[in-house]
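Structural overview
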Amino acid sequence: MALLEVKDLEVSYGVIKAIKGISFEVNRGEIIALIGANGAGKTTTLHAISGLIPIAGGSIEFDGKDLAKVPAHERVMHGMAQVPEGRRIFSQLSVWKNLMLGAYTRKDKDGIEKDLEEVFHRFPRLKERRGQIAGTLSGGEQQMLAMGRALMSKPAIMLMDEPSMGLSPLLVTEIFDIIKSINESGTTVLLVEQNARKALAIANRAYVLETGRIILSGDADKLMNDDSVRKAYLGES
Amino acid sequence: MFISYLLSGISLGAIYALIALGYTMVYGIAKMLNFAHGDVIMVGGYIAFTISVTLGADGWIALLGSIIFCTLLGITIERVAYKPLRGASKLSVLITAIGVSYLLQNVALLIFGSASRNFQALIVVPSVEIGSVTIPGNTILTIGVSVVIMIVLTLFINKSSAGSAMLAVSEDKGAAQLMGVNVNKTISLTFAIGSGLAAVAGILMCTQYPNIGPYTGQMPGIKAFIAAVFGGIGSIPGAMLGGIAIGVIENLSKAYISTQLSDAITFAILIIMLLVKPTGILGKKLNEKV
Ligand SMILES: Nc1ncnc2c1ncn2[C@@H]1O[C@H](COP(=O)(O)OP(=O)(O)O)[C@@H](O)[C@H]1O
Ligand SMILES: [Mg+2]
């Protein structure tokens, strides 16, 4: 059984239908890429999964449970964490407090302490800057903080929305390496990206989203060699 | 002389600060100006009056009863009047808040009549003499209670999990939800705390200026709002600082410039502040998104 199963999902903003009936699944342990141009509906899809926007049709099942009646703030307790587009860290709070907010729903003090050490091990720069106000971090550090914060909830799945956005090529590579290693330590990843090349390079499977519809799906390496994908998303002619 | 004017200014300012905290917390978290907040002070005063004078209970019981009543009132106002308007235009919310303010005043008018009642001090603290200066008991009580409340509130916001939730919601509701924060509960809690503080402020105020009427909350409400803006709306230390500043300015202008002009001076300071530094003394800069 898939960990996350999206069926005929529809999402509207007023009269505008942004997602027009998409279905996809994410199995335990996978990295799934959802690629598509700006405005295709990637963020909308993630927000529907995490509950930040209501769905207009279809269903979302997570770990065998229908999420229809689970409010957004309870979904994290079911094992879902999001690294939102634009990071959305709490810029006026310290790095440490941001990480602790990631563990907001947890009660196991020892576990939290252990995971904090792990996050600091993975992101040594966050450890150095733990007392600093998050808004003063560089873009790359903020992205790491957003990922660390999500990890602090000990999620089964991480929904990542354009983690490479606005970062230098060197940092982009670093961030993708980190995503891969997070996945290798057991976290399932649903990765939304405009940077299709990088996303396909680490993903197992991928879905291509175009104006609210999935137009293509399959193994990442197969899509990488697909002519239409190469033309439209990898900037080749 | 100056010292005693200053002290009574600080004590008046501490009351403004307690009220301003409610304004600023609600603004920070629900992003709305709760213009009915001043009237909660009046309700707090009347409840304390009823418990202590009409029912003849002990001052501390009156204080506690009044805090509990106002806390529940704040939660109810939010649930009934403001919650249905989440996502509505700011203007609709503002008009509703003004409506709630009139409602509270008119209910008080209906129950207690328009004549103001004499309020007797609930808690009597003896005055203290230091050299040639006599510090009235009320001043000591007000400053003491306010300082304790501000310390406890600051610790609560910065150290407790519910406080973290409040900070998170005030910055980004959506991101806070992703952390597992229940935004509705957090907003309720904010109204509860703000209204509880308003009850304390109401009682301290009625202790210093011992009478109460249906419109008692209006002027201090407005002054506290000015204090919140002066300190930087949304900022908790700002509300404390702004409250004290406005109280001291008001009292010193009464003492040294003119009793009639003191309110005008307070309002003029707000206007100057808004022109010079619209975000207030400790106001946050607008976030720049990287
Ligand atoms: N809050 C909103 N209100 C109205 N339309 C929106 C809103 N957010 C996104 N949209 C529209 O929905 C579509 C999908 O947007 P989005 O999910 O952000 O795309 P992506 O993340 O793939 O760039 C776009 O046409 C966008 O203009
Ligand atoms: Mg997007």
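For the structure, check the block above.
Sequence order as written defines residue numbering, which begins from 1 separately in each chain. Chains carry letters from A onward and ligands carry numbers from 1 onward, assigned in written order. pLDDT decides what is reported in this predicted model: residues at 70 or higher carry local features, side-chain atom pairs at 80 or more are listed and counted, and totals for whole chains, interfaces and linings draw on all residues regardless. Values shown for side chains rest on all heavy atoms present in the structure; no hydrogens or waters enter the calculation.

**A short note on the overall build of chain B**
- Numbering of helices and strands starts at the N terminus; helices are DSSP runs of H or I of at least 4 residues and strands are runs of E of at least 2. Helix and strand counts for chain B stand at 11 helices and 4 strands.
- By the burial criterion, 51% of the 290 residues in chain B qualify as buried.
- In what follows, a contact means two residues having at least one pair of non-hydrogen atoms within 4.5 Å. Taking contacts inside chain B between residues at least 6 apart in sequence as the whole, the part at least 24 apart equals 76%.
- All accessibility values rest on the Shrake-Rupley procedure with a 1.4 Å probe; residue burial counts only the protein chains present in the view. Carbon and sulfur atoms make up 70% of the accessible area of chain B, which amounts to about 12900 Å² in all.
- Within chain B, one finds 15 positive and 9 negative side-chain charges whose respective centroids are separated by 9 Å. When accessible area is computed with a 1.4 Å probe and restricted to protein chains, residues below 20% of their type maximum are described as buried, those above 50% as exposed, and intermediate ones as partly exposed. Here Asp and Glu are counted as negative and Lys and Arg as positive; His is not counted, and neither are the chain ends. Here the site of a charge means atom NZ of a Lys, CZ of an Arg, CG of an Asp or CD of a Glu.

**With respect to the pattern of salt bridges**
All names here are of chain A.
- Each salt bridge in this description consists of a side-chain nitrogen of Lys or Arg and a carboxyl oxygen of Asp or Glu lying within 4 Å of one another. With the rule as written, the count across this model stands at 16 salt bridges over all chains.
- Note that Arg-28 is salt-bridged to Asp-63, the shortest N-O span being 2.8 Å. Within this pair, whereas Arg-28 is found in the loop between strand S2 (16-26) and strand S3 (31-35), its partner Asp-63 is found in the loop between strand S4 (57-62) and strand S5 (65-66), the two being separated by 35 residues in sequence.
- Of the residues examined, Arg-28 reaches a relative accessible area of 53% and is grouped as exposed.
- Across the salt bridge formed by Glu-174 and Arg-125, the nearest N and O atoms sit 3.1 Å from each other. Within this pair, whereas Glu-174 is found in helix H7 (residues 169-184), its partner Arg-125 is found in helix H5 (residues 124-128), the two being separated by 49 residues in sequence.
- Among the charged side chains, a salt-bridge network with shared partners connects Arg-106, Asp-108, Asp-115 and Lys-154.

**Some remarks on the interface of chain B and chain A**
- Taken together, the 23 residues of chain B in the interface contact 22 residues of chain A.
- A combined buried area of about 2000 Å² lies between chain B and chain A, and 59% of that area is made up of carbon and sulfur atoms.
- Between the two partners, chain B and chain A, sit 1 salt bridge.
- Notably, a salt bridge pairs B:Asp172 with A:Arg88, separated by 2.8 Å at the nearest N-O pair.
- For the purposes of these results, a polar contact is taken to be a pair of N or O atoms within 3.5 Å, where, inside protein, one atom must be able to donate a hydrogen and its partner to accept one; residues adjacent in sequence count only when each atom of the pair is a side-chain atom. Put simply, chain B and chain A have 5 residue pairs in polar contact (both at pLDDT 80 or more) between them.
- Those elements that provide at least two residues to the side of chain B that touches chain A are helix H5 (137-159), helix H6 (161-171) and helix H7 (173-178) of chain B. Buried area: the accessible area, evaluated with a 1.4 Å probe, that two parts lose upon being put together, summed over both parts.

**Section: the sheet that holds S5(A)**
Residue and element names in this part refer to chain A.
- Pairs of strands are assigned from DSSP output, requiring at least two bridges between the strands. One open sheet holds the 4 strands; their spatial order is S2-S1-S4-S5, and the pairing between them is antiparallel. Whereas interior strands pair on both sides, the edge strands pair on one side only; in this sheet they are S2 and S5.
- Alignment of strand S1 (residues 4-13) against S2, held across 8 bridges, turns out to be antiparallel. Counterpart to Glu-10 in the pairing with S2 is Lys-20.
- Only C-alpha atoms enter the line fits that serve as axes; for helices the fit covers just the stretch in contact. Angles between N-to-C directions range over 0 to 180 degrees. Sheet contacts for helix H1 (residues 42-50): S1, S2 and S4; angle to S1, the most-contacted strand, approximately 115 degrees.

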